[in-house]
Amino acid sequence: MGIDWIIDRLRKDQSPDGSWDYPFDTGISTDAFTIILLRTLEIHDEELIEGLCRRILSKQEKNGAWKLFYDEGNGNVSSTLEAYYALLFSGYYSKKDKNLQAAKKFILAHGGLKEVSTYTKIMLALTGQYRWPSFSPLPIEVILLPTNFPINFYSFSVFGRANLTPIMILASKKLSIKAKNAPDLTDLHIHREADEQWIRSDEWRSLLSLIEDGVENLIGIPEELRNLAFERAKKYMLDRIEPDGTFLSYYSSTFLMIFALLSLGYKKTDSVITKAIEGLKSMKCEINGFPHMQYTTATVWNTSLISFALQSAGLSPEDTMVAEANRYLLTRQQHKFGDWVIHNPNSLPGGWGFSNINTILPDVDDTTASLRSLSRIASSEKAAWERGISWTLSMQNDDGGWPAFERKADSNWLKLLPLEKGEFLLKDPTCADLTGRTLEFFGNYTNLPKNHTVIKKGINWLWKDQKRDGSWYGRWGICYMYGTWAAITGLLAVDIPERDQRIQKAADWLKNIQNPDGGWGESCHSDYQKTYIPLRSSTLTHTAWALDALITLADKPTPVIQKGIAHLLESLDKDDWTTEYPKGQGMGGAFYIHYHSYRYIFPLIALTHYQKKYQ
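The structure presented is a predicted model; accordingly, all values stated were derived computationally and were not measured. (Residues numbered from 1 in each chain as written. Predicted model: local features only at pLDDT ≥ 70, side-chain atom pairs only at ≥ 80, totals over all residues. Heavy atoms only, no water.)

Chemist: What's the story with the overall build of the chain in this structure? I'm lost.
Modeler: Looking only at helices and strands, the chain features 25 helices and 7 strands. At 24 Å, the chain has a C-alpha radius of gyration in line with the 25 Å of a compact globule built from 615 residues. Summarising its shape, the C-alpha atoms of the chain cover approximately 70 × 60 × 45 Å along the three principal directions. In the chain, which comprises 615 residues, the share counted as buried stands at 64%. Look at the contacts in the chain between residues 6 or more apart in sequence, and 74% of them connect residues 24 or more apart. When the accessible area of the chain is evaluated, it comes to approximately 23900 Å², of which 50% is carbon and sulfur surface. Taken as two groups, the 68 positive and 72 negative side-chain charges of the chain have centres that lie 2 Å from each other. (Helix = DSSP H or I, 4+ residues; strand = E, 2+ residues; numbered from the N terminus. Rg over C-alpha atoms; globule rule 2.2 N^0.38 Å. Buried < 20%, exposed > 50% of the residue type's maximum accessible area, 1.4 Å probe, protein only. Contact = heavy atoms within 4.5 Å. Areas by Shrake-Rupley, 256 points an atom, 1.4 Å probe, with all protein chains shown as cover. Lys, Arg positive; Asp, Glu negative; His and termini not counted. Charge placed at Lys NZ, Arg CZ, Asp CG, Glu CD.)

Chemist: Could you clarify how one ought to interpret the sheet that holds strand 6 (residues 584-587) in this entry?
Modeler: As a general point, the strands of a sheet are linked pairwise by backbone hydrogen bonds and lie either parallel or antiparallel. Read from one edge to the other, the open sheet built from 3 strands follows the order 1-7-6, with strand pairing classed as antiparallel. Pairing within the sheet leaves two strands with one partner each, and these edge strands are strand 1 (24-25) and strand 6. Of the strand pairs in this sheet, strand 1 and strand 7 (residues 591-595) are connected by 2 bridges, and their pairing is antiparallel. Looking across to strand 7, one finds that aspartate 25 is bridged to histidine 594. (Pairing = 2+ DSSP bridges.)

Chemist: What should I look at first to understand the state of the cysteines in this one?
Modeler: Chemically, a disulfide is nothing more than a covalent bond linking the sulfur atoms of two cysteines. Enumeration according to the criterion identifies 0 disulfides in this entry. No disulfide involves cysteine 53; its nearest neighbouring cysteine sulfur is the one of cysteine 285, lying 17 Å away. Taking relative accessible area as the criterion, cysteine 53 reaches 1% and is therefore assigned buried. Cysteine cysteine 524 is unpaired, with the sulfur of cysteine 479 as its nearest cysteine sulfur at 8.4 Å. For cysteine 524, a relative accessible area of 0% puts it in the buried group. (Disulfide = S-S within 2.5 Å.)

Chemist: It is not clear to me how unusual backbone geometry should be interpreted in this structure. Could you clarify?
Modeler: Keep in mind that most residues, glycine aside, have a negative phi and that most peptide bonds are trans. In this structure, cysteine 479 follows isoleucine 478 across a cis peptide bond, with omega equal to -10 degrees. Even without being a glycine, glutamate 42 presents a positive backbone phi close to 55 degrees. The topology assignment puts glutamate 42 in the loop between helix 2 (29-40) and helix 3 (46-58). Taking relative accessible area as the criterion, glutamate 42 reaches 36% and is therefore assigned partly exposed. At aspartate 495, a position not held by glycine, the phi torsion is positive, near 70 degrees.

Chemist: Even after reading the chapter, I still don't get the pairing of strand 2 (residues 284-287), so can you show me in this structure?
Modeler: Strand residues, when the strand is regular, have side chains that alternate between the two faces of the sheet. Judged by which residues are buried, strand 2 turns out to be one-sided: Cys285 and Ile287 face inward and are buried, whereas Lys284 and Glu286, on the alternate face, are not. Taking the residues between adjacent antiparallel strands as the criterion, strand 2 and strand 3 (residues 290-293) are bridged by 2 residues, where asparagine 288 takes a positive phi near 50 degrees.

Chemist: Please clarify how the packing of helix 14 (residues 364-374) against helix 15 (residues 382-394) should be interpreted in this entry.
Modeler: Helix-helix packing: each pair is described by the crossing angle between the helix axes and the interaxial distance. In contact at an axis separation of 10 Å, helix 14 and helix 15 are set at 150 degrees when each is read in the N-to-C sense. Considering the angle they form, helix 14 stands roughly antiparallel to helix 15. Seen along the crossing, helix 14 lies across helix 15 with a hand that is left-handed. For the pair formed by helix 14 and helix 15, the contact residues are Val364, Thr367, Thr368, Leu371 and Leu374 on the first element and Ala384, Trp385, Gly388, Ile389, Trp391 and Thr392 on the second. Looking at side-chain class alone, the contact of helix 14 with helix 15 contains 7 nonpolar, 4 polar and no charged residues. (Axes fitted to C-alpha atoms, helices over the stretch in contact; angles between N-to-C directions. Parallel < 35°, antiparallel > 145°, perpendicular 65-115°, else oblique. Left-handed = near helix turned anticlockwise from the far one by under 90°. Nonpolar A, V, L, I, M, F, W, Y, C, P; charged D, E, K, R; others polar.)

Chemist: How should I be thinking about the side chain of threonine 446 in this particular structure?
Modeler: Relative to the helices and strands, threonine 446 is located in the loop between helix 17 (432-445) and helix 18 (453-465). Among the polar contacts made by the side chain of threonine 446, one reaches the main-chain carbonyl oxygen of phenylalanine 442 at a distance of 2.7 Å. Not counting residues within four places of it along the chain, the set of residues in contact with threonine 446 comprises Trp385, Ile389 and Phe441. (Polar contact = N/O pair within 3.5 Å; in protein donor to acceptor, adjacent residues only side chain to side chain.)

Chemist: Hey, could you run me through helix 22 (residues 540-553) in this one?
Modeler: Its 14 residues place the ends of helix 22 20 Å apart at the C-alpha level, agreeing with the 20 Å of an ideal helix rising 1.5 Å per residue. Burial analysis of helix 22 places 14 of its 14 residues in the buried class, which makes it a mostly covered element. (Expected span 1.5 Å × (residues − 1).)

Chemist: For this particular structure, what's the right way to read the environment of leucine 144?
Modeler: Position of leucine 144 relative to the elements: it lies in the loop between helix 6 (118-126) and helix 7 (158-173). With relative accessibility at 10%, the residue leucine 144 sits in the buried group. Sequence-wise, leucine 144 and lysine 104 are 40 residues apart; in three dimensions their C-alpha atoms are separated by 43 Å.

Chemist: How do you make sense of the pairing of strand 7 when you look at a structure like this?
Modeler: Of all 5 residues making up strand 7, 5 are buried, and the element is well covered by its neighbours. Of the two faces of strand 7, the one holding Phe591, Ile593 and Tyr595 and the one holding Tyr592 and His594 are both buried throughout.

Chemist: Explain the packing of helix 1 (residues 3-13) against helix 25 (residues 598-614) here, please?
Modeler: Contact pair helix 1 / helix 25: the axes reach a minimum separation of 10 Å and the direction vectors enclose 145 degrees. The handedness of the crossing between helix 1 and helix 25 is left-handed. Contact residues: Ile3, Trp5, Ile6, Ile7, Arg9, Leu10 and Asp13 in helix 1; Tyr600, Pro603, Leu604, Leu607, Thr608 and Gln611 in helix 25. The residue inventory of the contact of helix 1 with helix 25, partitioned by class, reads 9 nonpolar, 2 polar and 2 charged.

Chemist: Please explain the environment of aspartate 239 as it appears in this structure.
Modeler: With respect to the secondary-structure elements, aspartate 239 resides in the loop between helix 9 (222-238) and helix 10 (251-263). Given a relative accessible area of 43%, aspartate 239 falls into the partly exposed group. C-alpha of aspartate 239 to C-alpha of tyrosine 70: the two residues are 169 residues apart in sequence and 39 Å apart in space. At 2.6 Å, the side chain of aspartate 239 forms a polar contact with the side chain of lysine 235.

Chemist: Help me understand the pattern of salt bridges, please; the structure alone is not making it clear to me.
Modeler: Where charged atoms from two side chains of opposite charge approach closely, those side chains can pair. The final tally for this structure, using the stated rule, is 24 salt bridges. In this structure, glutamate 440 engages arginine 372 in a salt bridge whose closest nitrogen and oxygen atoms are separated by 2.8 Å. In this pair, glutamate 440 sits in helix 17 while arginine 372 sits in helix 14, placing the two residues 68 residues apart along the sequence. What you see here is one network of salt bridges that share partners, running through Arg161, Arg240, Asp339 and Glu406. (Salt bridge = Lys/Arg side-chain N within 4 Å of Asp/Glu carboxyl O.)

Chemist: Any chance you could explain helix 17 here in plain terms?
Modeler: Residues separated by three or four positions in an α-helix point in the same direction, a consequence of the helix having 3.6 residues per turn. If you check helix 17, its first and last C-alpha atoms are 19 Å apart, about what 14 residues at 1.5 Å a residue would give, namely 20 Å. Of all 14 residues making up helix 17, 12 are buried, and the element is well covered by its neighbours. Of the residues making up helix 17, those classed as buried are Ala432, Asp433, Leu434, Thr435, Gly436, Arg437, Thr438, Leu439, Glu440, Phe441, Phe442 and Gly443. Tucked inside the fold, the buried residues of helix 17 contact helix 12 (299-312), helix 14, helix 15, helix 18 and helix 19 (480-493).

Printed below as a string of structure tokens:
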């Protein structure tokens, strides 16, 4: 069992349109929020609500809590509150239910409503369970500040803007809709005088003071400026609605937009609202017999990586499976200008996005992944190939590395904003995983000279970013192993020699963290503790990343590699908590991703690499 077994599995799972739509699994938050949304708007989709309740309950721990990941600890208070609220709101469970009593006990033991995340508090405020702060943590007029002001609307990442725009509207309007059948959560308020400000921070006050100074310098009557800000915020959202009705294809921004539009006077029967709800429902998938509301779809990402892995394993571009996948990818190349053009005004569209329905939000990682898959038919798809490369080159940051979605969305001012996980929500920095993977693409799949300025700047950034122990931090995966794999394979692709001391230090780091069983595993705790935390168990994906990096470095198979390959082959059909453990993250400490495709993609790449190099 090995390469052929994975290929057969992928052949069975391919969709009729040539793509792979493996679930983008982010836990139970979106499931809970869907129940709360449908009940608040009195939309009676009972089959969906019952199914989501069953999925949520299937994930409850013995102590009554819900977790974000297996080794999180006793549980996560925000997730537990969201699950508890949704199950009660569904109407199928009562506070007397044993599962809910256990959940309530956990919530109260961990500080009650006051201790949940800001995003959860916003949902609670929207649905009448929590008091809005007396004034907005970020005034709506921020959207009017000029782009030359030290902090302005386009200082934030596009993901940040998508979520902040409706939040700024809602915090100003203080919308609260309490449905007649809504549960009463007042018994979860340990501190009856709930902290009105939500946030206490001197840094925030100084930043707010700067923003207020900027707002005061805007020309106009305050009331008119506020109305203009509401109009601009509304236009920002409506201009970025995807064909399926979602706001930039994200669950959270679409959920918030629905309430923001209601606060601006829209009716719940207005087509923009009903279409947004249908868009969210259309992202439903099925996992282990339960419905799951995906945060977005990962169809382009899955398809580009799988098609590339299959071709690496020896399948020809003419093979039906690959040909159909590439045909699908060519239809997903983007032709519209998105927000990326604000800081990159001299480039034409040509990137690829992450989700199946995304048309205006390309990203560097999906673009190079799609181009890798298309590289063997580049001569016959010259226009698409050249537009993709041109867009990727234009996205390099001034520091020499690559961000995900936008150039220059890494302002130090944003560190002062008092949002938990704000660095993940508001910033789109240069990162090692993207820079390494982009260099690997240019080095192995294009004829860009290795001494080109673009390449040299990328290499220099990676050297500066390397950690003392030899590792790199990966922003979009878990975590140091992901960054280190991407950096090593990227640097070697652009002719950095294997014997370079810095490369050897990275290799030694990988060797030193190998588990006794021959595999590798890293905890989600790594990402927000900003230091490598071992998982103490091996996962297929982490093992494949480590092996791929070490195989790239070794002329012949070492004992470390042999042991790793043996573990990988023994574990391919394993199905336990390690295969479900998140390997991706969106917001450290809050939002983790289990890619169902990774257990096939990365082992296939590592096994193929091993076979080609040593057999």
